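Residues per chain, in single letters:
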Amino acid sequence: RLDSKIDIVPELVAQGQVCPHQDYVYFSYLTPEKEQAFTKHKGHVKEALKEVGKLECMKSISYYIKYKEKAFADPYKLAKRYPQELEALLVLMNYCGEIASEKEVAAVIGCKELPKADEVSLQTALQFLVDEGEVYLFCSKKEIEELKQVLGKHRVYREKKVSLVLNEELQDSLISSPGKLKSIEDIVAREYGSLGNDLRMLIFTDFMQDEKESLDKIGTDESFDKINGAGIFETVRRLDKTLNVGVLLDNLIILPRLAVPQGTMVQTKALAGTSYVKVEVFGSHREAVELANELFREGKLQVLIGTKTLTTEGWKVPYINTLLLAGFAEDMV
């Protein structure tokens, strides 16, 4: 069991407050296009580090740390104030061939030998060098600017941030990768194949950006380049036209046309090429929740895509038999 913090689940099951259940983790993979972007980034990192090793700032750091001359702060004092950064700097120096005796320098940080270089430690070292190189390592302003130019040229430095591990673009790719849509499709297909018309699946998602762009792709054959509520809906809808799917997000409600009750409190707009409508409920969001709840209970919805805020808006559906958490991994622990 992954979540060791929640150790009261068996007790809640015994009391009848939580139904017996099994938890599964489904791993998604990057699309070939996204994977190529990561490969390209690694190439930029490799070239940047190769060029950094030839810069004057590296020779300056090596000289001052080894010989502690002039006004350089004693590395032992630096180790007390910035232990991780100093260790990372020594690892960077060793990586760049600026350390003759690894064990001798490792003694500065209180270990027998330096840790192996990885992108995390090298990124920490370069960020510290960029931010504090002039103050603590007595690098010249010219040397630091030269370092920034090299890192920027290889696309691993932007807006004062060194990004060897992940840049913002790659991080967004991981978070909103369309490869997750394929995972959701697989899970829905398996559950629908097992439960058939008895399926009552709730998909919780945190992805709600760029819904307008994805809405325009509903009812077409266009692929999605990111994951969001509309993209999840269309992926499930394309999977099997016999499935009744709904969306209940803060800014987007989609329901089967025939399932929407006629009345003055509801306005609909047909989604071309589908049997679904975009719905506007004139009233509180709670009324939309109650509407979806009723449709779910009656079987007019078998899959509903919503946010976790549903649980705070009166969402009480004891007949849900499948819950899929399609959100950020850090929110699941």
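For the structure, check the block above.
Conventions and cut-offs
- Residues numbered from 1 in each chain as written.
- Predicted model: local features only at pLDDT ≥ 70, side-chain atom pairs only at ≥ 80, totals over all residues.
- Heavy atoms only, no water.
- Axes fitted to C-alpha atoms, helices over the stretch in contact; angles between N-to-C directions.
- Helix = DSSP H or I, 4+ residues; strand = E, 2+ residues; numbered from the N terminus.
- Parallel < 35°, antiparallel > 145°, perpendicular 65-115°, else oblique.
- Left-handed = near helix turned anticlockwise from the far one by under 90°.
- Contact = heavy atoms within 4.5 Å.
- Phe/Tyr/Trp six-rings, centres within 6.5 Å; stacked < 30°, edge-to-face > 60°.
- Buried < 20%, exposed > 50% of the residue type's maximum accessible area, 1.4 Å probe, protein only.
- Core = buried A, V, L, I, M, F, W, Y, C linked by side-chain atoms within 4.5 Å.
- Pairing = 2+ DSSP bridges.
- Patch = residues over 30% accessible without salt bridge, like charges linked within 9 Å, V, L, I, M, F, W, Y side chains within 5 Å.
- Areas by Shrake-Rupley, 256 points an atom, 1.4 Å probe, with all protein chains shown as cover.
- Salt bridge = Lys/Arg side-chain N within 4 Å of Asp/Glu carboxyl O.
- Nonpolar A, V, L, I, M, F, W, Y, C, P; charged D, E, K, R; others polar.

**Q** What exactly am I supposed to notice about the packing of helix α10 (residues 179-195) against helix α12 (residues 229-239) here?
**A** A packed helix pair is summarised by two numbers, namely the angle formed by the two axes and the spacing between the axes. Across the interface, α10 lies against α12 with an axial gap of 10 Å and an inter-helix angle of 45°. Viewed along their axes, α10 and α12 adopt a mutual orientation that is oblique. Crossing handedness for the pair α10 and α12: right-handed. Seen from α10, the contacting residues are L181, I184, E185, V188 and A189; seen from α12, they are G231, I232, T235, V236 and L239.

**Q** Just to check I follow, could you spell out the packing of aromatic side chains for this structure?
**A** How two aromatic rings sit relative to each other is given by the distance of their centres and the angle of their planes. Applying the stated criterion to the full structure yields two aromatic pairs. Ring geometry for Y82 versus F128: centroids 5.1 Å apart, planes at 55°, classification tilted. In this pair, Y82 is assigned in the loop between α4 (75-81) and α5 (83-95) and F128 in helix α7 (residues 119-136), connecting sequence segments 46 residues apart. For F128, a relative accessible area of 6% translates into the label buried.

**Q** Would you mind showing me how to read the nonpolar core here?
**A** Soluble, globular proteins show a tendency: their nonpolar side chains are buried together. Counting residues in hydrophobic clusters, the biggest one holds 39 residues, and the most contacted among them are M58, L126, L129, L137, L147 and L151. Of all elements in the fold, only α2 (32-52), α3 (56-67), α4, α5, α6 (102-106), α7 and α8 (141-153) reach the threshold of two or more residues within this core. If we ignore the near neighbours within four places in the chain, the residues touching L151 are A48, V52, L126, V130, V156, Y157 and V162. Listed in part, the 28 residues of the second largest apolar core include I232, L271, L324 and A326.

**Q** Would you explain the environment of D216 in this entry?
**A** In this structure, D216 sits in the loop between α11 (211-215) and α12. C-alpha of D216 to C-alpha of A230: the two residues are 14 residues apart in sequence and 9.3 Å apart in space.

**Q** What is the right way to read the environment of F296 from this model?
**A** Tracing the sequence through the fold places F296 in helix α13 (residues 285-298). Owing to a relative accessible area of 0%, F296 belongs among the buried residues under this scheme. Taking the C-alpha atoms as reference, F296 lies 9.3 Å from G246; in sequence the two are 50 residues apart.

**Q** Sorry, what's going on with the pairing of strand β7 (residues 276-281) here?
**A** Put simply, side chains in a regular strand alternate between the two faces of the sheet. Bridge analysis of strand β5 (residues 253-256) against β7 gives three bridges, and the strand direction is antiparallel. The partner of P256 across the bridge, within β7, is Y276. Inspection of the sheet shows strand β6 (residues 266-270) paired to β7 by five bridges, in the antiparallel sense. From the neighbouring strand, K269 faces β7, where its bridge partner is K278. The turn joining β6 and β7, which pair antiparallel and follow one another in sequence, is formed by five residues; a positive phi near 80° is taken by G273.

**Q** Would you mind going over the pairing of strand β4 (residues 245-248) with me for this structure?
**A** Residues V245 and V247 point to one face of β4 and G246 and L248 to the other, with burial holding for every one of them. Two strands pair when backbone bridges link them, and β4 and strand β8 (residues 303-306) are joined in this way by four bridges, in the parallel orientation. Within β8, the position partnered with G246 by the bridge is L304. As paired strands, β4 and β5 are joined by two bridges and run antiparallel to one another. Directly across from L248, in β5, lies its bridge partner I253. Two successive antiparallel strands, β4 and β5, enclose a turn made up of four residues.

**Q** Sorry, what's going on with a nonpolar patch on the surface here?
**A** A contiguous nonpolar patch, built from V25, F27 and Y29 and spanning about 420 Å² of accessible area, is present on the exposed surface. Positionally, V25 belongs in the loop between α1 (9-15) and α2.

**Q** I tried to follow the packing of α2 against α7 on my own but got confused; where do I start?
**A** Viewed as axis vectors pointing N to C, α2 and α7 meet at an angle of 50°, and their least axial separation amounts to 13 Å. By the angle class used here, α2 and α7 are oblique. Crossing of α2 against α7: the hand is left-handed. Taking contact as the criterion, the partners of K42, V45, L49 and V52 in α2 are, on α7, E119, L122 and L126. When its residues are assigned to classes, the contact of α2 with α7 shows five nonpolar, no polar and two charged.

**Q** I'm lost on the sheet that holds strand β3 (residues 201-205) in this one. Help?
**A** One key point about sheets: their strands pair by backbone hydrogen bonds, in either a parallel or an antiparallel sense. As summarised here, the arrangement of the seven strands in space is β6-β7-β5-β4-β8-β3-β9, forming an open sheet in which the pairing is mixed. With one partner strand each, in any of the chains shown, β6 and β9 (322-326) form the two edges of the open sheet. Neighbouring strand axes in the sheet, compared pairwise and without regard to direction, differ in orientation by 25° on average. Of the strand pairs in this sheet, β3 and β9 are connected by five bridges, and their pairing is parallel. Paired with L202 across the two strands is L323, which belongs to β9. Against the sheet, α12 makes contact with β3, β4, β5, β7 and β8, and its axis sits at roughly 175° relative to β4, the strand it touches most. Relative to the sheet, α13 contacts β3, β4, β5, β7 and β8, its axis offset from that of β4 by approximately 160°.

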